[in-house]
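Coordinate analysis (summary)
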Amino acid sequence: MPAEEKIEVKPEGGEAEDVTTKKDGGVKKRILREGHGTEKPCEGDTVLVHYVGTLASDGSQFDSSRDRNDAFSFKIGKGEVIKGWDTGVATMKRGELAVLTCRGDYAYGEKGSLPKIPGNATLNFEVELIDFFGEDISPDKDKSIMRRVLIKGEDYQTPNDCAQIRCHLIGRFKDTGKVFDTREVEFEIGDGENHNIVSGIESALQKMKKHEKCQVDIQAKHAFGSAGCPALGVGPDQDVIYEIVLNSFEKAKENWQMNGKEKLVQSELAKSKGTEFFKQEKWARAIKHYQRCFEMLQHEEYEDEEEKKKSKATILAARLNLAACYLKTNNDFLKVVDHCDEALKLDDKSEKALFRRGQARLAMNDFELAATDFEKILELQPDNKAARQQLHIAQQRVKAYREREKRLYGKMFASMRSSEDMGDYKANGTKAAAANGSDAGEAAATTESTTEAEVSA
């Protein structure tokens, strides 16, 4: 808003209210215009405000976002602004206009902010709360999972992958506000889908502290997707809002906290869960478990031969299964090749690794390399019909590619020869014109026109 449209403080505004938690008078708020709705910013929310700051002692202005026509944003409760703002703005509603009177200890303290703000100065801020929104915790930062903390939790720890969770859920449809899900649930992070717990909830839980209460706004792609959830009465492509209370959790051991034997056990469990999701065609979930499986073992060295053999077999299976998952998703063939390369380092005769790498190379138009992979499989197993069929496809594509190249270069060279011939004709025509006068000039012109016609044809 331009400076000339600045909203003036109205003396007839409401009574000033002490909005500090201690009721020590450090921040007083006088509402000049009521806001709308019932929601107020929560800790961690990003707020957007306009403000005009003046000294309470003489009314002189020291700062104004309105004069700059540039609204100011910050996160509530994160110490990004003076204490008086964290305290006062958190009591406002969208559209509210108020004066916050901040005592020195809630403003810039003894040092002040020279030269404009002296030490221990009480300040008046005319603040308009334009909007506020939660933290974007979506994987792609596209605001498809937005989290707001309603009640702060305890301690500093948060659940990790495979943590055991006990929480209370209330789910509502975003468009109507109707409740469709209310329950107390216990499950393991990463296994939520088997309990109708969507990925957006799991993402939020991994940010929460014990006894924290939060609200999560989840778009359909991180909720129940196009399939919906008939068991809960959720239709396809519906956005939802969940209120979550994290009652308790038990963190899973991190890799560095486990000994070699524990890692073998846990990696086998992760592989089994990944296979379960693979069979359900839930590729993202399967990938997560297979990834955890080989990451637990890849830097572990075993002296016992049986343990060494088991570790190698588990890592090999995880790599091969990851390659299969990425083939199914059709969006990252380089990862397929990478996992197959690593698998072949463990077993250079792995037909699955060669076959899946060959499929990925076909998809990336690396036809000759793909053909090499399928040929290696047939050397190991001449009766492999699938490999023979894929080899035929690769060879046909190599042949088609070479024929296209041949035609392309043929046209290119033909064009170059025609250009050279035309140059010769021009040169000869010019010489003839110089020797024979106008008749020769006409002949040269005819030759040039004929040559150009041949090139165009």
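Quick notes on the rules
Residues numbered from 1 in each chain as written. Predicted model: local features only at pLDDT ≥ 70, side-chain atom pairs only at ≥ 80, totals over all residues. Heavy atoms only, no water. 1 Å grid on protein atoms, 1.4 Å probe; cavity = no way out; pocket = protein on both sides within 12 Å on 5 of 7 lines; lining within 4 Å. Points joined across faces, edges and corners; volume = space filled by probe spheres on them. Nonpolar A, V, L, I, M, F, W, Y, C, P; charged D, E, K, R; others polar. Helix = DSSP H or I, 4+ residues; strand = E, 2+ residues; numbered from the N terminus. Polar contact = N/O pair within 3.5 Å; in protein donor to acceptor, adjacent residues only side chain to side chain. Pairing = 2+ DSSP bridges. Salt bridge = Lys/Arg side-chain N within 4 Å of Asp/Glu carboxyl O. Buried < 20%, exposed > 50% of the residue type's maximum accessible area, 1.4 Å probe, protein only. pLDDT = per-residue confidence, 0-100. Contact = heavy atoms within 4.5 Å. Axes fitted to C-alpha atoms, helices over the stretch in contact; angles between N-to-C directions. Parallel < 35°, antiparallel > 145°, perpendicular 65-115°, else oblique. Left-handed = near helix turned anticlockwise from the far one by under 90°. Expected span 1.5 Å × (residues − 1).

Focus on empty space enclosed by the protein
Applying the stated criterion across every chain, the model contains one cavity of 30 Å³ or more. In this structure, the largest cavity encloses a volume near 40 Å³. In terms of lining residues, the largest cavity is bounded by Asp161, Cys162, Ile189, Gly190, Lys288, His289 and Arg292. Counted by class, the lining of the largest cavity contains two nonpolar, two polar and three charged residues.

Observations regarding the side chain of Arg285
Within the fold, Arg285 resides in helix 5 (residues 283–297). Polar side-chain contacts of Arg285 include one of 3.1 Å to the side chain of Glu193.

Points about the sheet that holds strand 9 (residues 145–151)
Strand order in the open sheet made by the six strands is 8-9-12-13-10-11, with antiparallel pairing throughout. At either end of the open sheet lies a strand with only one pairing partner, and these are strand 8 (135–136) and strand 11 (179–188). As paired elements, strand 10 (residues 164–173) and strand 11 share nine bridges and run antiparallel to each other. For Arg166, the partnering residue across the bridge sits in strand 11 and is Glu186.

Some thoughts on the pattern of salt bridges
For the coordinates displayed, the defined rule picks out 36 salt bridges. Among the ionic pairs, Glu305 bridges to Lys308, the shortest N-O distance being 3.5 Å. Pair noted here: Glu305 and Lys308 are both in helix 6 (residues 305–329), with a separation of three residues, about one helical turn. You can call Glu305 exposed: its relative accessible area is 53%.

So, the layout of surface pockets
Estimates place the volume of the largest pocket at around 850 Å³. If you trace the largest pocket, you find 31 residues lining it, with Glu193, Ser199, Lys221, Ala284 and Arg285 closest to the centre. Per-class residue counts for the lining of the largest pocket are 13 nonpolar, 11 polar and seven charged. Its volume calculated, the second largest pocket comes out at about 340 Å³. As for the second largest pocket, its lining consists of 16 residues, of which Thr21, Lys83, Asp86, Thr87 and Ala90 are closest to the centre. Its residues assigned to classes, the lining of the second largest pocket shows six nonpolar, five polar and five charged.

Some details on the pairing of strand 7 (residues 123–133)
Strand direction decides the pairing type here: strand 3 (residues 46–55) and strand 7, joined by 10 bridges, are antiparallel. The residue of strand 7 that forms the bridge with Gly53 is Phe125. Here strand 6 (residues 97–102) runs beside strand 7; their pairing, made up of six bridges, is antiparallel. Bridge pairing in strand 7 links Thr101 to Asn124.

What to know about the environment of Gly59
Turning to its location among the elements, Gly59 is positioned in the loop between strand 3 and strand 4 (61–64). Separated by 64 residues in the primary sequence, Gly59 and Leu123 have C-alpha atoms spaced 9.0 Å apart.

So, the confidence of the model for the protein
Summary statistics for the protein give a mean pLDDT of 88 and a share of 86% for residues scoring 70 or more. The model gives residues 430–457 a pLDDT under 50, and that stretch makes 11 contacts with residues more than four places away or in other chains.

Thoughts on the packing of helix 8 (residues 351–363) against helix 9 (residues 367–380)
At a minimum axis distance of 8 Å, the contact between helix 8 and helix 9 shows a crossing angle of 160°. The orientation of helix 8 relative to helix 9 falls into the category roughly antiparallel. Note on packing geometry: the crossing formed by helix 8 with helix 9 is left-handed. Counting all contacts with helix 8, which are made through Glu351, Leu354, Phe355, Arg357, Gly358, Gln359, Arg361 and Leu362, the residues of helix 9 involved are Phe367, Leu369, Ala370, Asp373, Phe374, Lys376, Ile377 and Leu380.

Some points on helix 6
Compared with an ideal rise of 1.5 Å per residue, which puts 25 residues at 36 Å, helix 6 spans 36 Å between its outermost C-alpha atoms and is within 8% of the ideal. With a side-chain oxygen positioned 3.0 Å from the backbone nitrogen of Glu306, the residue opening helix 6 is Asp304. Note on helix 6: the residue one or two positions beyond its end, Asn330, has a positive phi of about 55°.

A short note on the side chain of Glu307
You can see Glu307 is positioned in helix 6. Looking at Glu307, the relative accessible area reads 17%, which means it is buried. When residues no more than four places from it in sequence are discounted, the contact partners of Glu307 are Lys261, Leu264 and Tyr302.

Section: unusual backbone geometry
With an omega dihedral of 10°, the bond running from Leu114 to Pro115 counts as a cis peptide bond. Among the secondary structure elements, Pro115 is positioned in the loop between strand 6 and strand 7. Residue Asn69 is not a glycine yet carries a positive backbone phi of 55°. Here Asn69 is to be found in the loop between helix 1 (65–68) and strand 5 (72–75). The phi torsion at Asp155 lies on the positive side, around 65°, for a residue other than glycine. Along the polypeptide, Asp155 turns up in the loop between strand 9 and strand 10.

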